[in-house]
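Close look at the chain arrangement
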Amino acid sequence: MRYPWLYLLLALSLGIEAAPRTVDWLDLLPEEDYQAMLDMPEIGHEGTEEAPSDFTSGLRQRDESLPAVMYSTRVVSELDGQSLRIAGYPVPLESNSAGLFTRFFLVPYAGACIHVPPPPPNQIILVDYPSGIAIDDLYEPFWMQGTLLVDQTSNELADASYRFDADRVWVYDGE
């Protein structure tokens, strides 16, 4: 053993877990959807009114005049099972006895649950976070860290093409 410090350094580095890769919402779009989104005309929100804040209708609204990409469930299968980090806005679904939300949708922009049109299913993530978070402001973004799964989910509120098993959730800090 000529260099005992080298062995110690190697042993310590093997014990350190790599940080999850940070992804952007566009990373969740397969190439054909990404291009269709780039080519899509701007969608106006003129004349739209906010839905009631009970979240019972917002993500299920459908406008047949919009391009099919706005309802796409296509996914990037290579992301399935990956340890990732993504930021977005929560839409509360289920809470525990302490009033913390343990299940929620994560969407790419604030107000997605109350404005037309909603994001496509491949831009909605169902998040399971057993520890729960307090959601006091729907316009406050959060970071999620955990495992992303390709998993088509449908409930009365929305369709989601991804599911996220969150290990850690914290208020977005810009980094």
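Residues numbered from 1 in each chain as written. Predicted model: local features only at pLDDT ≥ 70, side-chain atom pairs only at ≥ 80, totals over all residues. Heavy atoms only, no water.

1. Quick look at the pattern of salt bridges
The tally for this structure, following the rule as stated, stands at 6 salt bridges. With a closest N to O distance of 2.8 Å, arginine 163 and aspartate 165 form a salt bridge. (Salt bridge = Lys/Arg side-chain N within 4 Å of Asp/Glu carboxyl O.)

2. Describing the side chain of glutamine 123
Checked against the element boundaries, glutamine 123 lands in the loop between strand S3 (101–107) and strand S4 (125–133). A residue is classified by how much of its surface remains accessible, and glutamine 123, at 6% relative accessible area, is buried. At a separation of 3.0 Å, a polar atom in the side chain of glutamine 123 contacts the main-chain carbonyl oxygen of tryptophan 25. In contact with glutamine 123, other than residues within four places in its own chain, are Trp25, Leu28, Leu29, Leu106, Val107 and Pro108. (Helix = DSSP H or I, 4+ residues; strand = E, 2+ residues; numbered from the N terminus. Buried < 20%, exposed > 50% of the residue type's maximum accessible area, 1.4 Å probe, protein only. Polar contact = N/O pair within 3.5 Å; in protein donor to acceptor, adjacent residues only side chain to side chain. Contact = heavy atoms within 4.5 Å.)

3. Quick notes on the packing of aromatic side chains
Across all of its chains, the model carries 2 aromatic pairs by this definition. Taking the ring centre of tryptophan 143 as reference, the NZ or CZ of arginine 85 above it sits at 3.8 Å. Geometry around tryptophan 170 places arginine 168 over its ring, the cationic atom sitting 3.7 Å from the centre. (Phe/Tyr/Trp six-rings, centres within 6.5 Å; stacked < 30°, edge-to-face > 60°. Lys NZ or Arg CZ within 6 Å of the ring centre and 35° of its normal.)

4. Describing empty space enclosed by the protein
A probe matching the size of a water molecule, rolled over the atoms, marks out where space remains unfilled. For the structure on display, the rule yields 1 cavity of 30 Å³ or more. Quantified by volume, the largest cavity comes out at close to 30 Å³. Along the wall of the largest cavity there are 10 residues; nearest its centre are Tyr89, Pro90, Val91, Gly111 and Leu138. In terms of residue count, strand S2 (residues 82–95) provides more of the lining of the largest cavity than any other element does, 3 residues in total. Taken together, the residues of the lining of the largest cavity sort by class into 9 nonpolar, 1 polar and no charged. (1 Å grid on protein atoms, 1.4 Å probe; cavity = no way out; pocket = protein on both sides within 12 Å on 5 of 7 lines; lining within 4 Å. Points joined across faces, edges and corners; volume = space filled by probe spheres on them. Nonpolar A, V, L, I, M, F, W, Y, C, P; charged D, E, K, R; others polar.)

5. Quick word on the confidence of the model for the chain
Across the chain, the average pLDDT comes to 83, with 77% of residues at 70 or higher. When pLDDT is averaged over each element of the chain, S4 comes out on top at 98 and helix H1 (residues 4–15) at the bottom at 50. In this model, residues 47–57 is a region of pLDDT below 50 whose contacts with residues beyond four sequence positions or in other chains number 16 contacts. (pLDDT = per-residue confidence, 0-100.)

6. Remarks on the nonpolar core
Ile125, Val127 and Met144 are the most contacted members of the largest nonpolar core, which totals 22 residues. Only S2, S3, S4, strand S5 (142–154) and strand S6 (159–171) provide two or more residues apiece to this core. Beyond its immediate chain neighbours, meaning those up to four positions away, isoleucine 125 contacts Trp25, Leu28, Ile86, Phe104, Phe105, Leu106, Leu148, Ala160, Tyr162, Arg163 and Phe164. In this structure, Val107, Leu157, Ala158 and Ala160 belong to the second largest nonpolar core, which totals 10 residues. (Core = buried A, V, L, I, M, F, W, Y, C linked by side-chain atoms within 4.5 Å.)

7. Some words on the environment of glutamate 32
By the element assignment, glutamate 32 lies in helix H2 (residues 31–39). Classification of glutamate 32 by relative accessible area gives partly exposed; the value is 45%. C-alpha separation for the pair glutamate 32 and arginine 74, spaced 42 residues apart in sequence, amounts to 9.2 Å. In this structure the side chain of glutamate 32 is engaged in a polar contact, spanning 3.4 Å, whose partner is the side chain of arginine 74.

8. Some remarks on the environment of aspartate 80
In this structure, aspartate 80 sits in the loop between H2 and S2. Among the residues examined, aspartate 80 registers a relative accessible area of 42% and is labelled partly exposed. Sequence spacing of aspartate 80 and valine 150 is 70 residues, and the spatial spacing of their C-alpha atoms is 5.2 Å. Not counting chain neighbours up to four residues away, the residues in contact with aspartate 80 comprise Leu148, Leu149 and Val150. Within the structure, aspartate 80 has its side chain in polar contact with the backbone nitrogen of valine 150 (distance 2.8 Å).

9. Observations concerning the pairing of S6
For a regular strand, side-chain orientation follows a simple rule: the groups alternate between the two sheet faces. For S4 and S6, the ladder comprises 4 bridges, and the chain directions are parallel. Each residue of the ladder has a partner; that of isoleucine 125, found in S6, is tyrosine 162. Looking at chain direction, S5 and S6 are connected through 11 bridges and run antiparallel. The partner of serine 154 across the bridge, within S6, is aspartate 159. (Pairing = 2+ DSSP bridges.)

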